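# Summary of structural features
Residue strings, one per chain:
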Amino acid sequence: MSYTIGFQAKDQKAVLATEAATANQAVAIIAALRQSADEIKFIRSPQEGEMGIEMLLLLAKEEAEEMPQRA
């Protein structure tokens, strides 16, 4: 499932967006954006629509559980 993360960089008026292929990648992008003081404006996926960070974390957890365990 793909995710679009909209954010506003510090001292910018425009809302920018970036794509992530998985929920885990989206969580990592959001963590990096938060460290650089960017403001998250939206998180969206074609399947789920608009969502909050809590929902994204839940989807990332489910995604991790579905991945086969490596020995």
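It should be noted that the structure appears before, not after, this text.
Residues numbered from 1 in each chain as written. Predicted model: local features only at pLDDT ≥ 70, side-chain atom pairs only at ≥ 80, totals over all residues. Heavy atoms only, no water.

The buried fraction of strand S1 (residues 3–8) is high, at 6 of 6 residues. By the alternation rule, side chains of S1 split into Tyr3, Ile5 and Phe7 and Thr4, Gly6 and Gln8, which are all buried. Two strands pair when backbone bridges link them, and S1 and strand S2 (residues 15–20) are joined in this way by 6 bridges, in the antiparallel orientation. Note on S2: the bridge partner recorded for isoleucine 5 is threonine 18. (Buried < 20%, exposed > 50% of the residue type's maximum accessible area, 1.4 Å probe, protein only. Helix = DSSP H or I, 4+ residues; strand = E, 2+ residues; numbered from the N terminus. Pairing = 2+ DSSP bridges.)

What follows covers the sheet that holds strand S3 (residues 39–45). Working definition: the strands of a sheet are paired by backbone hydrogen bonds and lie parallel or antiparallel to each other. Pairing within the open sheet is antiparallel, and its 4 strands lie in the order S2-S1-S3-S4. On the outer flanks of this sheet lie S2 and strand S4 (49–51), each paired with one strand and no other. Sheet twist, expressed as the mean angle between neighbouring strand axes with direction ignored, is 30°. Direction of pairing for S3 relative to S4: antiparallel, over a ladder of 3 bridges. Counterpart to arginine 44 in the pairing with S4 is glutamate 50. (Axes fitted to C-alpha atoms, helices over the stretch in contact; angles between N-to-C directions.)

All right, on to a negative patch on the surface then. There is a patch of like negative charges on the surface, built from Glu48, Glu62, Glu65 and Glu66. Overall, glutamate 62 belongs to the partly exposed group, its relative accessible area being 36%. (Patch = residues over 30% accessible without salt bridge, like charges linked within 9 Å, V, L, I, M, F, W, Y side chains within 5 Å. Areas by Shrake-Rupley, 256 points an atom, 1.4 Å probe, with all protein chains shown as cover. Salt bridge = Lys/Arg side-chain N within 4 Å of Asp/Glu carboxyl O. Lys, Arg positive; Asp, Glu negative; His and termini not counted. Charge placed at Lys NZ, Arg CZ, Asp CG, Glu CD.)

Relative to the 18 Å expected for 13 residues at 1.5 Å per residue, helix H1 (residues 23–35) spans 19 Å between its end C-alpha atoms, a close match to the ideal helical length. Listing the buried residues of H1 in full gives Ala23, Ala26, Ile30 and Leu33. The buried residues of H1 occupy an angular sector of 80° when the element is viewed end-on, so they sit on one face. Buried positions along H1 lie against S1, S2, S3 and helix H2 (53–66). (Expected span 1.5 Å × (residues − 1). Arc of directions from axis to C-beta. Contact = heavy atoms within 4.5 Å.)

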